[in-house]
Amino acid sequence: MDIRVVFASNLKHYRQARGLTQAALAAAMDVDRAHVSAMERGQQNVTLQTLQRVAAHLDVAPAQLIEERSEGDVRSRKP
């Protein structure tokens, strides 16, 4: 599967699981909501730095955003 599609799906899943809107995540990351939307649609190639920032704001390990997961798998990063 295309890594952008995997990332997009995981980003949306973990964002919603945390009860965040696209606007709330965008504000926390200091980016435009359209940027979050583009990432969630797989239309944005993200850098490793962006991957790390998104993961930090969603409290997940960066690897969780790029690994294929089964539905219902919502593992949080352990402290």
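Scroll up for the structure.
Keep in mind it's a predicted model, so treat the numbers as computed, not measured. (Residues numbered from 1 in each chain as written. Predicted model: local features only at pLDDT ≥ 70, side-chain atom pairs only at ≥ 80, totals over all residues. Heavy atoms only, no water.)

Engineer: For the nonpolar core, give the residues involved together with the corresponding values.
Structural biologist: Inside soluble globular proteins, nonpolar side chains tend to come together where they are buried. L11, V54, L58 and L65 are the most contacted members of the largest nonpolar core, which totals 14 residues. Of all the secondary-structure elements, those providing two or more residues to this core are α1 (3-17), α2 (22-29), α3 (33-40) and α4 (48-58). It is α4 that contributes the most residues to this core, four residues altogether. Once residues within four sequence positions are removed from consideration, L11 is found in contact with L25, V36, M39, E40, V54, L58 and L65. (Core = buried A, V, L, I, M, F, W, Y, C linked by side-chain atoms within 4.5 Å. Buried < 20%, exposed > 50% of the residue type's maximum accessible area, 1.4 Å probe, protein only. Helix = DSSP H or I, 4+ residues; strand = E, 2+ residues; numbered from the N terminus. Contact = heavy atoms within 4.5 Å.)

Engineer: How would you sum up α1? Please name residues and give values.
Structural biologist: Relative to the 21 Å expected for 15 residues at 1.5 Å per residue, α1 spans 21 Å between its end C-alpha atoms, a close match to the ideal helical length. Taken together, the buried residues of α1 touch α2, α3, α4 and α5 (62-66). Its side-chain oxygen at 2.8 Å from the backbone nitrogen of R4, D2 defines the N-terminal cap of α1. Note on α1: the residue one or two positions beyond its end, G19, has a positive phi of about 75°. (Expected span 1.5 Å × (residues − 1). Polar contact = N/O pair within 3.5 Å; in protein donor to acceptor, adjacent residues only side chain to side chain.)

Engineer: An account of the pattern of salt bridges is requested, with residue identities and associated values reported.
Structural biologist: In the structure shown here, the tally under the stated rule is two salt bridges. Residues R4 and D2 are paired through a salt bridge, measuring 2.9 Å at the closest nitrogen-oxygen approach. For R4, a relative accessible area of 34% gives the class partly exposed. R15 is the salt-bridge partner of E40, the closest N and O atoms lying 2.4 Å from each other. Of this pair, E40 sits in helix α3 while R15 is found in helix α1, placing the two residues 25 residues apart along the sequence. Neither residue differs from the other here; E40 and R15 are each classed as buried. (Salt bridge = Lys/Arg side-chain N within 4 Å of Asp/Glu carboxyl O.)

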